[in-house]
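# Commentary on secondary and tertiary structure
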Amino acid sequence: MTIQCDLVINNVRIASMQNNGEAYGLLLQTSIAIKDGKVLAIFDPSQDSYHSTHRVDGENKWLLPGFVDCHTHLVYGGNRANEFEQRLQGKSYAEIAQQGGGILGTVLATRQASEQSLLASAIKRATRLLEEGVTCIEVKSGYGLDMDTEIKMLKVAKQIAEYLPVTIETTYLGAHTVPEEFRSNPDDYVQFVCEQVIPIVAQQKLAGCVDVFCESIGFSYEQCRKIFSAAQNHQLHIKAHVEQLSDLKGAKLAAQFQALSVDHIEYLDPQDISAIKQAGSVAVLLPGAFYYLNETQKPPIAELRAHGVPMAIATDLNPGSSPVASLLTVMNMASVLFGLTPEEVLYGVTVHAAQALGLENKGQIKPGLDADLCLWDIEHPAELVYGINQHRPDAKWFAGKACKSI
Ligand SMILES: [Zn+2]
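Bear in mind that the values here come from a model prediction, so they are computed numbers and not experimental data.

Here is what the cut-offs are and how they apply
- Residue indices begin from 1 for each chain and proceed along its sequence in written order.
- Per-residue local features are limited, in this predicted model, to residues with pLDDT of at least 70; the limit for side-chain atom pairs, both in listing and counting, is 80 or more; totals at the level of whole chains, interfaces and linings are taken over all residues.
- For the side-chain quantities, the full set of heavy atoms in the structure was used; hydrogens and water were omitted.
- A run of H or I in DSSP counts as a helix once it spans at least four residues, and a run of E counts as a strand once it spans at least two, with each numbered from the N terminus.
- For the radius of gyration, the atom set is restricted to C-alpha positions; the globular benchmark scales as 2.2 Å times the number of residues to the power 0.38.
- Relative accessible area decides the class of each residue, using a 1.4 Å probe on protein chains only: under 20% of the type maximum gives buried, over 50% gives exposed, and in between gives partly exposed.
- Two residues qualify as a contact provided that any one of their heavy atoms is within 4.5 Å of a heavy atom in the partner residue.
- For the accessible areas, the method is Shrake-Rupley and the probe is 1.4 Å, while residue cover comes only from the protein chains on display.
- In this charge count, Lys and Arg are treated as positive and Asp and Glu as negative; neither His nor the chain ends contribute.
- A charged residue contributes its charge at one atom only: NZ of Lys, CZ of Arg, CG of Asp or CD of Glu.
- In this description, strands pair whenever DSSP reports at least two bridges between them.
- Here an angle of 0 to 180 degrees is reported between the N-to-C directions of two axes, which are lines fitted to C-alpha atoms, with helices fitted over the stretch in contact.
- Note: metal donors comprise N, O and S atoms at 2.8 Å or less from the metal (3.2 Å for Na, K and Ca); water molecules are not included, so apparent gaps in a site are possible.
- Square planar and octahedral sites, with four and six donors, are those where opposite donors lie more than 155 degrees apart and all other angles lie between 65 and 115, tetrahedral sites have four donors with every angle between 85 and 135 degrees, and the rest are irregular.
- Note that the domain bounds reflect an automated or database-derived domain assignment.
- Summed over both partners, the accessible area (1.4 Å probe) lost when two parts come together is defined as the buried area.
- Two N or O atoms form a polar contact when they lie within 3.5 Å of each other; inside protein one atom must be a possible hydrogen donor and the other a possible acceptor, and for residues adjacent in sequence the pair counts only when both atoms belong to side chains.

## Overview of the overall build of the protein
A count of helices and strands for the protein gives 15 helices and 20 strands. The C-alpha atoms of the protein give a radius of gyration of 21 Å, which matches the 22 Å a tight globule of 406 residues would have. Overall size of the protein, expressed as C-alpha extent along the three principal axes, is 70 × 45 × 45 Å. Expressed as a percentage of the 406 residues in the protein, the buried residues total 59%. Within the protein, contacts between residues separated by at least 24 positions form 72% of all contacts whose residues are at least 6 apart in sequence. Working note: accessible area of the protein is about 16,200 Å², and carbon and sulfur atoms make up 49% of it. Where the 32 positive side-chain charges of the protein centre and where its 46 negative ones centre are 3 Å apart.

## Side note on the sheet that holds strand S17 (residues 311-313)
The strand order across the open sheet formed by eight strands is S10-S11-S12-S13-S14-S15-S16-S17, and the pairing between neighbours is parallel. The open sheet has two edge strands with one neighbour each: strand S10 (67-69) and S17. For this sheet, the mean angle separating the axes of adjacent strands, direction not counted, is 25 degrees. In terms of strand pairing, S10 meets strand S11 (residues 134-140) through three bridges, oriented parallel. Following the sheet pairing, valine 68 is matched in S11 by cysteine 136. Sheet strands in contact with helix H5 (residues 147-163) are S11 and strand S12 (167-175), and its direction is about 165 degrees off that of S12.

## Notes on unusual backbone geometry
With a phi angle near 60 degrees, asparagine 11 is a residue other than glycine that sits in the positive phi range. Topologically, asparagine 11 is positioned in the loop between strand S2 (7-10) and strand S3 (13-15). Residue asparagine 11 is classed as partly exposed on the basis of its relative accessible area, which comes to 34%. With phi around 50 degrees, isoleucine 265 is a residue other than glycine that occupies positive phi space. According to the relative accessible area criterion, isoleucine 265 is buried, its value standing at 0%.

## Concerning the coordination of the zinc ion
Six octahedrally arranged donors around a metal ideally form angles of 90 or 180 degrees; four tetrahedrally arranged donors ideally form angles of 109.5 degrees. Every protein donor of the zinc ion is listed here as His71 (NE2), His73 (NE2), His241 (NE2) and Asp316 (OD), and their distances to the metal cover 2.0 to 2.4 Å. Geometry at the zinc ion is irregular, judged from the four donor atoms that bind it and their angles of 83 to 168 degrees at the metal. One chain supplies every donor to the zinc ion, and in sequence these donors are spaced H-x1-H-x167-H-x74-D. On the criterion of sequence distance, the pair formed by histidine 71 in the loop between S10 and helix H1 (81-88) and aspartate 316 in the loop between S17 and helix H12 (327-338) is long-range, its members being 245 residues apart.

## A few points about the pairing of strand S18 (residues 373-376)
Because side chains alternate across S18, one face comprises the buried residues Leu373 and Leu375, and the other comprises Cys374 and Trp376, equally buried. As paired strands, strand S9 (residues 62-65) and S18 are joined by four bridges and run antiparallel to one another. Directly across from leucine 64, in S18, lies its bridge partner cysteine 374. Here S18 runs beside strand S19 (residues 395-398); their pairing, made up of three bridges, is antiparallel.

## A look at the domain arrangement of the protein
Partitioning the protein into domains gives domain 1 (3-64 + 365-402) and domain 2 (67-356). The straight-line distance from the C-alpha centre of domain 1 to that of domain 2 is 31 Å. With 24 residues of domain 1 at the contact, the number on the domain 2 side is 21 residues. Summed over the three residues of domain 1 that lose the most area to domain 2, namely Met17, Val385 and Phe398, the buried surface amounts to 36% of that side.

## Some thoughts on the sheet that holds S3
On the basis of which strands lie adjacent, the open sheet formed by six strands has the order S4-S3-S9-S18-S19-S20 and mixed pairing. Looking at strand neighbours, the two that pair on one side only are strand S4 (26-27) and strand S20 (401-402), the edges of this open sheet. Pairing geometry for S19 and S20, over two bridges, is antiparallel. Residue pairing across strands places phenylalanine 398 opposite lysine 401, the latter belonging to S20.

## What about the side chain of threonine 106?
Mapped onto the elements of the fold, threonine 106 is located in helix H3 (residues 103-112). The class for threonine 106 is buried, based on a relative accessible area of 2%. Looking at threonine 106, its side chain comes within polar contact range of the side chain of arginine 80, at 2.6 Å. Discounting chain neighbours no more than four positions away, the residues touching threonine 106 are Tyr76, Gly77, Arg80, Tyr143 and Pro319.

## Things to note about the pairing of strand S5 (residues 31-35)
Of all five residues making up S5, four are buried, and the element is well covered by its neighbours. Here S5 pairs with strand S6 (residues 38-43) via five bridges, running antiparallel. In the sheet register, lysine 35 faces S6, and the bridge partner there is lysine 38. A loop of two residues connects S5 with S6, the two strands running antiparallel in sequence, and aspartate 36 in this loop sits at a positive phi of about 50 degrees.

So this is what it looks like as structure tokens:
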């Protein structure tokens, strides 16, 4: 009996990224059948009972799941090259933020930008990520802060998927910084976020998650707690920028709300890790921001590892602290700067990154899951982490369809 399918790829080494006891989830079978955008079967060529008019010879190259960039801010107006110069003349990120620069500079540019120009620049940045094997991107709002611009950003983010072969997951980050108009009363802004914006975001399905920047230059523990409560009341998932510059106990708070992820965590107190583990939250590491800000405090990797907390890696692509549109580069940084093994890094941009977005259908090669796949001409998966700017996928499929140029 032959089984009809849409595509068969033969002669590949499959790093499935499943937890099957093998390094990189290696599978012995070397053929894969795809139907209706999903992996139908992984099989040995001697057992081939699949019929398809599309057959690809993988030439013994490695097949990996498409990468998931689970933390970006890639929709924004303007850029911050001028602040880059200021920082090199000695000003700190916190100083620039206090003087109305930093995020607020981007807020102004994003409010002024047309939907069309925001989309055009976002597509350009997303394309850079896709060229390196990314098939799913999380995009946060947070450079509008007012109702209209936040909605504009989230809509633009969703539109990227109409132009490029990628899944876009959106997150409402109203609590990124306090906007100018609420400077004298930040609590009023938190009330606006909780009572006015979050209900609309939920109602119009503009985002599946709510995020905060829990920091002295962002929002306090108590303000974040209110925002998490509002998000939970509207059935939205929680993510959080926590312990990036200091320890405000934001990760522990987020864990109380079963956050999908706690992100940055350079200043995380190792004593708070068991709460993160119990909540099932993913620790999202952002070495691009660590590198860019010349940070020296590293996340407590050894303790996270000892507790078995899943670790994900993302670009944090944003105009201020991580203008890095390259997941492969950041993967190398995660090993060189944070000491993750190449295998940990690859789990961190596949299955753990998908988990940080609450996506169970991505990040692994497994029957029934999305057929987002990349074929790499490498001898071993560790090569993708070891080198910088050495590799691009030889072939790529998004939802089972071959991507022509990216
Ligand atoms: Zn971020």
